[in-house]
Amino acid sequence: MRVGLVWKGNALFENDADRSLPSLQVLAPLAAVRGVRLISLQKGAGENEAMHPSAGLPLDPPRIST
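What you are looking at is a predicted structure, and each value in this text was computed from that prediction instead of being measured. (Residues numbered from 1 in each chain as written. Predicted model: local features only at pLDDT ≥ 70, side-chain atom pairs only at ≥ 80, totals over all residues. Heavy atoms only, no water.)

Peer 1: Talk me through the overall build of the protein chain; I want residue IDs and the actual numbers.
Peer 2: Helices and strands together make up the secondary structure of the protein chain, namely one helix and three strands. Of the regular secondary structure in the protein chain, the N- to C-terminal order runs β-α-β-β. Burial status across the protein chain gives 27% buried among its 66 residues. Here the analysis covers contacts within the protein chain between residues at least 6 apart in sequence; of these, 59% occur between residues at least 24 apart. Split by element, the accessible area of the protein chain, about 4900 Å² in all, is 56% carbon and sulfur. (Helix = DSSP H or I, 4+ residues; strand = E, 2+ residues; numbered from the N terminus. Buried < 20%, exposed > 50% of the residue type's maximum accessible area, 1.4 Å probe, protein only. Contact = heavy atoms within 4.5 Å. Areas by Shrake-Rupley, 256 points an atom, 1.4 Å probe, with all protein chains shown as cover.)

Peer 1: With reference to specific residues and values, describe the sheet that holds strand S3 (residues 59–60).
Peer 2: Within the open sheet, the three strands sit side by side as S1-S2-S3. Their pairing is parallel. The sheet is open, and its two borders are formed by strand S1 (2–5) and S3, each paired with just one other strand. The pairing of S1 with strand S2 (residues 37–40) spans four bridges and is classified as parallel. Each residue of the ladder has a partner; that of Arg2, found in S2, is Arg37. (Pairing = 2+ DSSP bridges.)

Peer 1: Account for the pairing of S2, naming residues and giving values.
Peer 2: Successive residues of a regular strand alternate their side chains across the two faces of the sheet. Judged from the two bridges that link them, S2 and S3 form a sheet pairing that is parallel. Pairing of Leu38 across the sheet is with Leu59, part of S3.

Peer 1: Let's hear about the environment of Gly9: which residues, and what values?
Peer 2: Tracing the chain through its elements places Gly9 in the loop between S1 and helix H1 (28–31). Residue Gly9 is classed as partly exposed on the basis of its relative accessible area of 26%. Separated by 33 residues in the primary sequence, Gly9 and Gln42 place their C-alpha atoms 8.9 Å from one another. Ignoring anything within four residues of it in the chain, the contact list for Gly9 reads Asp16, Arg19, Ser20 and Ala45.

Written out as structure tokens, the structure is:
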């Protein structure tokens, strides 16, 4: 099963704290589910977080088909 993730929104949005995650570590239990592949769909804020080794989650980049 492939699961696309977006974990941060616009920090300037007044309700951003209720819709953005503080870190990818919150999603660690999802990454531990057997057969699940996590795919980063994040753009903008947080995009580089997915590629940082400290993220600790196996995130695949999205594949764009033409």
